[in-house]
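Structural features, examined
Single-letter residue listing:
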Amino acid sequence: MYILYMLALGVWAAGMAARDASISGGFWGAVAISAGVAGITLLVGVALTLQGLRPQRLLLYFLYMLFLLVIMPGLFSLLRGRDDRHAALAFSILALFNASTAFSMTQRSVTGPWSTPVP
């Protein structure tokens, strides 16, 4: 879900940048939701870990998920709330990068399968 959401967010931001439109309030809400989705996914990973399940690369999973959790709000902070064409372009690039990062996580078995470690 996160991959598709980031793809949609990237296309939306690219469309705003192409039209030279300012970033709308709906887009800011979508950015907050993206951080929420990453946070919920991280919490699910923590819950699975506390139950004794592990992906193949546990530390890498948590590092990636922390990155995906803070990077979109971090760009908002770096841009100090700007809503011009350049900010829309920056959000588009970052959203597409996040989508490719999340896709890479699935391809390299960072996100699963979650299983009980063999002693």
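Residues numbered from 1 in each chain as written. Predicted model: local features only at pLDDT ≥ 70, side-chain atom pairs only at ≥ 80, totals over all residues. Heavy atoms only, no water.

**Notes on the overall build of the protein chain**
Using the following cut-off: Each helix is a run of H or I in the DSSP string that is no shorter than four residues. Each strand is a run of E no shorter than two, and both are numbered from the N terminus. To sort residues, take the accessible area from a 1.4 Å probe on protein chains only and compare it with the maximum for the residue type: under 20% means buried, over 50% means exposed, and anything in between is partly exposed. For accessible areas, the Shrake-Rupley method is used with a probe of radius 1.4 Å. Any residue's cover is judged against the shown protein chains and nothing else.
When helices and strands are counted, the protein chain shows 4 helices and 0 strands. Listing every helix and strand of the protein chain by position from the N terminus yields α-α-α-α. For the C-alpha atoms alone, the extent of the protein chain along its principal axes is close to 55 × 25 × 20 Å. Of all 119 residues assigned to the protein chain, the portion counted as buried reaches 34%. For the protein chain, the accessible area works out to roughly 6,700 Å², and carbon and sulfur atoms hold 70% of it.

**Structural notes on the packing of helix α1 (residues 2–18) against helix α4 (residues 85–107)**
Selection criterion: Orientation is described by lines fitted to C-alpha atoms, with helices fitted over the stretch in contact, and by angles between N-to-C directions that extend from 0 to 180 degrees. Oblique is the label for every angle not falling under 35 degrees (roughly parallel), over 145 degrees (roughly antiparallel), or within 65 to 115 degrees (roughly perpendicular). Should the near helix be turned anticlockwise from the far one by less than a right angle, the crossing is termed left-handed; should it be turned clockwise, right-handed. The contact definition used throughout considers only heavy atoms, calling two residues in contact when any of these lie within 4.5 Å. Side-chain classes are defined by residue name, with Ala, Val, Leu, Ile, Met, Phe, Trp, Tyr, Cys and Pro counting as nonpolar, Asp, Glu, Lys and Arg as charged, and the others, Gly among them, as polar.
Closest axis-to-axis distance for the α1/α4 pair is 8 Å, and the angle between their directions is 160°. As summarised for this structure, α1 and α4 are arranged roughly antiparallel, according to the angle between their axes. Of the two possible hands of crossing, α1 and α4 adopt the one that is left-handed. On the side of α1, the interface is formed by Y2, I3, M6, L7, L9, G10, A13, A14, M16 and A17, while α4 contributes R85, A88, L89, F91, S92, A95, L96, N98, A99, A102, F103 and T106. For the contact of α1 with α4, the residue count by class is 17 nonpolar, 4 polar and 1 charged.

**Notes on the packing of aromatic side chains**
For clarity, the threshold we go by: In this analysis, rings of Phe, Tyr and Trp, with Trp reduced to its six-membered ring, are considered paired at centre separations within 6.5 Å, and the interplanar angle assigns stacked below 30 degrees, edge-to-face beyond 60, and tilted for intermediate values.
Across all of its chains, the model carries 8 aromatic pairs by this definition. Aromatic side chains F27 and F91 sit 5.8 Å apart centroid to centroid with 80° between the ring planes, which places their arrangement in the edge-to-face category. You can see F27 sitting in helix α2 (residues 25–50) and its partner F91 sitting in helix α4, a full 64 residues away along the chain. As far as the burial class goes, F27 and F91 line up, both buried.

**Section: the pattern of salt bridges**
To keep it simple, the criterion reads: Salt bridge criterion: a side-chain nitrogen from Lys or Arg within 4 Å of a carboxyl oxygen from Asp or Glu.
According to the stated counting rule, one finds 1 salt bridge in the structure shown. Measuring nitrogen to oxygen at the nearest pair gives 3.0 Å for the salt bridge that ties R82 to D84. The partly exposed category is assigned to R82, whose relative accessible area is 37%. Classification of D84 by relative accessible area gives partly exposed; the value is 29%.

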